[in-house]
Amino acid sequence: MAVSFTSRGSWKKTEAFLLKNSRGDFFQGLDSLAQEGVNALAKSTPVESGLAAESWTFKIERSRASLTITWNNTDVETGFPVAIMLQYGYATGTGGYVAGVDYINPAMRPVFDRIRDKVWKAVTSA
């Protein structure tokens, strides 16, 4: 059984779309959104000394097939990340427990939504 296909017209738009997406052009401009994430995290971090709120950073890693944004907090006390202690809680040295506060997820939700919208718009308008 033979199968054949016939095509008419130009493939320019399809080729331009595939080329643009293969280069990862739709990732352009995500640096500003990554910085928005840092700002949102800093603003929402519970403040006692202010060091944890001031210690947020981001790193963007690009490969041929993907882009990864990682947000980090460099405030570490006695070998434990302060941001994690604030988020999930921690045991005290006297046998007590300090409950965590979910401040990361609510702060980052709007940033994630803007990243999703920006990438979707770039991919669908390519």
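Since we're looking at a predicted model, the values are computed, not measured.

**Looking at the nonpolar core**
One finds Trp56, Ile69, Trp71, Val111 and Ile115 to be the most contacted residues of the largest nonpolar core, which totals 17 residues. Elements with a contribution of two residues or more to this core: α2 (30–44), β1 (56–62), β2 (67–73) and α5 (104–124).

**What about the confidence of the model for the protein chain?**
Chain-level pLDDT for the protein chain is 87 on average; 94% of the residues reach the 70-or-more range. Taken element by element, the protein chain is modelled with least confidence in helix α1 (residues 12–23), mean pLDDT 76, and with most confidence in helix α4 (residues 82–88), mean pLDDT 95.

**Quick look at the pattern of salt bridges**
If charged atoms from side chains of opposite charge come close, those side chains can pair. In the structure shown here, the tally under the stated rule is six salt bridges. The network of salt bridges with common partners includes Arg109, Asp113, Arg116 and Asp117.

**Some details on unusual backbone geometry**
The residue Thr78 is not glycine, and still its phi comes out positive at about 45°. Residue Thr78 is classed as exposed on the basis of its relative accessible area of 85%.

**Here's the deal with a nonpolar patch on the surface**
A surface patch of nonpolar side chains, about 520 Å² in accessible area, is lined by Met1, Val3 and Phe5. By the secondary structure assignment, Val3 is in the segment before α1.

About the cut-offs
- Residues numbered from 1 in each chain as written.
- Predicted model: local features only at pLDDT ≥ 70, side-chain atom pairs only at ≥ 80, totals over all residues.
- Heavy atoms only, no water.
- Core = buried A, V, L, I, M, F, W, Y, C linked by side-chain atoms within 4.5 Å.
- Buried < 20%, exposed > 50% of the residue type's maximum accessible area, 1.4 Å probe, protein only.
- Helix = DSSP H or I, 4+ residues; strand = E, 2+ residues; numbered from the N terminus.
- pLDDT = per-residue confidence, 0-100.
- Salt bridge = Lys/Arg side-chain N within 4 Å of Asp/Glu carboxyl O.
- Patch = residues over 30% accessible without salt bridge, like charges linked within 9 Å, V, L, I, M, F, W, Y side chains within 5 Å.
- Areas by Shrake-Rupley, 256 points an atom, 1.4 Å probe, with all protein chains shown as cover.

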